[in-house]
Amino acid sequence: MARNKIALIGGGQIGGVLAQLCALRELGDVVLFDIVEGLPQGKCLDIAEAAPVDGFDINLKGTNDYADIAGSDVVIVTAGLPRKPGMSRDDLIEVNSKIMTSVSEGIKKYAPNSVVIIISNPLDAMVTLCQKITGFPYNRVIGQAGVLDSARFKAFIAWELGVSVKDVMAMTLGGHGDDMVPLVRYASVQGIPVMELLEQKYKSASKAKEVMEAMVKRTRGAGGEVVALLKTGSAFYSPASSAIAMAESILKDSKRVLPTCVYLNGEFGIKGYFVGVPTVLGAGGVEKILQFKLDAEEQAMMDKSVAAVKGLVDSMNL
Ligand code: A3D
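Rules of the game
- Residues numbered from 1 in each chain as written.
- Predicted model: local features only at pLDDT ≥ 70, side-chain atom pairs only at ≥ 80, totals over all residues.
- Heavy atoms only, no water.
- Helix = DSSP H or I, 4+ residues; strand = E, 2+ residues; numbered from the N terminus.
- Buried < 20%, exposed > 50% of the residue type's maximum accessible area, 1.4 Å probe, protein only.
- Polar contact = N/O pair within 3.5 Å; in protein donor to acceptor, adjacent residues only side chain to side chain.
- Contact = heavy atoms within 4.5 Å.
- Salt bridge = Lys/Arg side-chain N within 4 Å of Asp/Glu carboxyl O.
- Pairing = 2+ DSSP bridges.
- UniProt positions renumbered as here; feature names shortened; annotations may be inferred.
- Near = heavy atom within 4 Å.
- Areas by Shrake-Rupley, 256 points an atom, 1.4 Å probe, with all protein chains shown as cover.
- Nonpolar A, V, L, I, M, F, W, Y, C, P; charged D, E, K, R; others polar.
- Domains from an automatic or database assignment.
- Expected span 1.5 Å × (residues − 1).
- Phe/Tyr/Trp six-rings, centres within 6.5 Å; stacked < 30°, edge-to-face > 60°.
- Core = buried A, V, L, I, M, F, W, Y, C linked by side-chain atoms within 4.5 Å.

Q: Please clarify how the side chain of histidine 176 should be interpreted in this entry.
A: Tracing the backbone through its elements, the reader meets histidine 176 in the loop between strand E8 (172–173) and strand E9 (181–182). Relative accessible area serves as the criterion here: at 11%, histidine 176 is assigned to the buried category. A distance of 2.9 Å separates polar atoms of two side chains, one belonging to histidine 176 and the other to aspartate 149. Once residues lying within four places of it in the same chain are set aside, the contact partners of histidine 176 are Arg89, Asn121, Leu123, Asp124, Ala145 and Asp149.

Q: So what exactly am I meant to see when it comes to the pattern of salt bridges here?
A: Pairing is possible between side chains that carry opposite charge, provided their charged atoms lie close to one another. Scanning the entire structure with this criterion turns up 14 salt bridges. A salt bridge links aspartate 149 to arginine 152, with the nearest nitrogen and oxygen atoms 3.9 Å apart. Residue aspartate 149 and its partner arginine 152 are located together in helix H6 (residues 146–161), separated by three residues, close to a single helical turn. Judged by relative accessible area, which is 10%, arginine 152 ranks as buried. Arginine 185 is the salt-bridge partner of aspartate 295, the closest N and O atoms lying 3.4 Å from each other.

Q: I keep staring at the environment of leucine 173 and nothing clicks. Help me out?
A: Position of leucine 173 among the secondary structure elements: in strand E8. For leucine 173, a relative accessible area of 2% puts it in the buried group. For the pair leucine 173 and alanine 145, spaced 28 residues apart in the sequence, the C-alpha separation amounts to 9.3 Å. Not counting residues up to four positions away in its chain, the partners in contact with leucine 173 are Met180, Val181, Leu183, Gly276, Val277, Pro278, Phe292, Leu294 and Met302.

Q: Honestly, the sheet that holds strand E7 (residues 168–169) in this entry has me stumped. Any pointers?
A: Within a sheet, neighbouring strands are paired by backbone hydrogen bonds and run either parallel or antiparallel to one another. Ordered by their spatial adjacency, three strands build an open sheet running E7-E10-E11, and the pairing between neighbours is antiparallel. Bordering the open sheet on either side are E7 and strand E11 (192–193), each of which pairs with just one other strand. For strand E10 (residues 188–189) and E11, the ladder comprises two bridges, and the chain directions are antiparallel. What sits directly across from valine 189, in E11, is isoleucine 192.

Q: Looking at this model, I keep getting lost on the environment of valine 163. Mind explaining?
A: The topology assignment puts valine 163 in the loop between H6 and E7. With relative accessibility at 30%, the residue valine 163 sits in the partly exposed group. In this structure, the C-alpha to C-alpha distance between valine 163 and alanine 50, residues 113 residues apart in sequence, is 34 Å. Ignoring anything within four residues of it in the chain, the contact list for valine 163 reads Ala158, Val168 and Val189.

Q: Would you explain the UniProt feature "domain: Lactate/malate dehydrogenase C-terminal" (unreviewed entry) in the protein in this entry?
A: Sequence positions flagged by UniProt for "domain: Lactate/malate dehydrogenase C-terminal" (unreviewed entry) are, in local numbering, residues 148–310. The distance from the first to the last C-alpha atom of residues 148–310 is 22 Å, and the span holds 48% helix and 23% strand.

Q: Even after reading the chapter, I still don't get the site of the ligand, so can you show me in this structure?
A: Within the structure, the ligand sits among 29 residues, and Gln13, Ile14, Asp34, Leu81 and Ile119 are positioned closest to it. Between the ligand and glycine 12 there is a distance of 3.4 Å, counted from an oxygen atom to a backbone nitrogen or oxygen. At 3.4 Å, a side-chain N or O of asparagine 96 approaches an oxygen atom of the ligand. When the free accessible area of the ligand is taken as 870 Å², the share hidden by the protein chains comes to 89%. The set of elements that each furnish at least two residues to the shell around the ligand consists of helix H1 (13–24) and helix H4 (93–110). Among the elements that line the shell around the ligand, the one with the most residues is H4, at four residues. Taken together, the residues that form the shell around the ligand break down as 16 nonpolar, twelve polar and one charged. When residues of the shell around the ligand are sorted by domain, at least three fall in each of domain 1 (5–144) and domain 2 (146–315).

Q: Can you help me understand helix H10 (residues 237–251) in this one?
A: Note on helix geometry: an α-helix contains 3.6 residues per turn, so any two residues three or four positions apart are oriented the same way. Between its first and last C-alpha, H10 extends 21 Å over 15 residues, near the 21 Å set by a 1.5 Å rise per residue. Along H10, the positions that sit buried rather than exposed are Pro239, Ala240, Ser242, Ala243, Ile244, Ala245, Met246, Ala247, Glu248, Ser249, Ile250 and Leu251. Phi turns positive one or two residues past the end of H10, at aspartate 253, with a value near 50°.

Q: Looking at this structure, how should I read the packing of aromatic side chains?
A: By convention here, two paired aromatic rings are described through the distance between centres and the angle between planes. Inspection of the entire model under this criterion finds eight aromatic pairs. Ring centres of phenylalanine 268 and phenylalanine 292 lie 5.5 Å apart, and the angle between their planes is 80°; this geometry places the pair in the edge-to-face category. Here phenylalanine 268, found in the loop between strand E12 (256–265) and strand E13 (271–282), pairs with phenylalanine 292, found in the loop between strand E14 (285–289) and helix H11 (296–315); they are 24 residues apart in sequence, far enough to count as distant. Among the residues examined, phenylalanine 268 registers a relative accessible area of 8% and is labelled buried.

Q: What is the right way to read the nonpolar core from this model?
A: For soluble globular proteins, the rule of thumb is that nonpolar side chains tend to be buried together. Ile76 and Val77 are the most contacted members of the largest nonpolar core, which has 83 residues in total. When residues of this core are assigned to domains, at least three map to each of domain 1 (5–144) and domain 2 (146–315). The residues contacting valine 77, other than those within four sequence positions of it, are Ile9, Met100, Val103, Ile107, Val116, Ile117, Ile118, Ile119 and Ser120. Phe156, Ala158, Leu198 and Ala222 belong to the second-largest nonpolar core, a separate cluster that totals 19 residues.

Written as structure tokens, this is what we have:
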């Protein structure tokens, strides 16, 4: 049986970690593409030379030629500039739209049957653009943002309550921007509502609310917190891990429930835009969108987040 093939478009910070994670988890053979000569080749050689130490049997190929991505099952795109301190994700739209256009043409030509996972920012707009240019069905062009935003929310909850991150369930919905929607009502530790545990800890409902509000705020600004510390770029370990979780569920047909930036056709009252919602990810890409009722406050937050996505996407005049 042939191995899976994963193409990584963009061999920068996230691309390099993606390649290493694919290798360590033996997800399949890797092709790392970048326009910079030598960069993807050097990173792949470096990772491949760790194979005898780490014990993985996959092939890695660095390339500047799109033809090498032919036959890929999954394509993960990180091509594009990251933000610097003081920049919003939206500030990247002009330059990254040009990059995403050429990348999408390459994928369309050489990997027409792949599931494409976009990471490049501004995320919701870049997924929209890639789907338009490739013309791939909506279930096969998706974006990674919610897995990471949810992971950040989960981490803050686990640290606050002194419990393992493995036992925290929490999710963010909406666009990948400052108006994303961390769902407080569904945040739990093994099913026990986080708000109840916070109230027990602080013996005060108002203090519990205050602590939760601070975690929600930190989640919304978590990308910027890392940018401010790094000064030269944005987060790259956690975005790579998050996209790999999605790719793994697709390649192994695990049907994991992961928040995904996906085209909505009326779900959650949203039509015609790519927005983060819970999905089932399997061999066909997005196999199902899981819907549930939002309360009035959650719906208002979702509407605000979607309005921000619409504003940006509509500005591209696609
Ligand atoms: P960086 O290390 O700069 O890597 C980007 C790579 O893209 C570089 O190696 C470039 O040479 C390459 N590139 C530029 N133009 C092209 C092109 N036309 N074709 C192919 N490759 C090209 O950035 P990074 O890896 O840190 O971040 C990549 C993207 O991910 C940025 O847009 C970030 O804003 C975004 N990002 C998204 C998240 C999400 O959770 C959605 C998180 C963090 C970063």
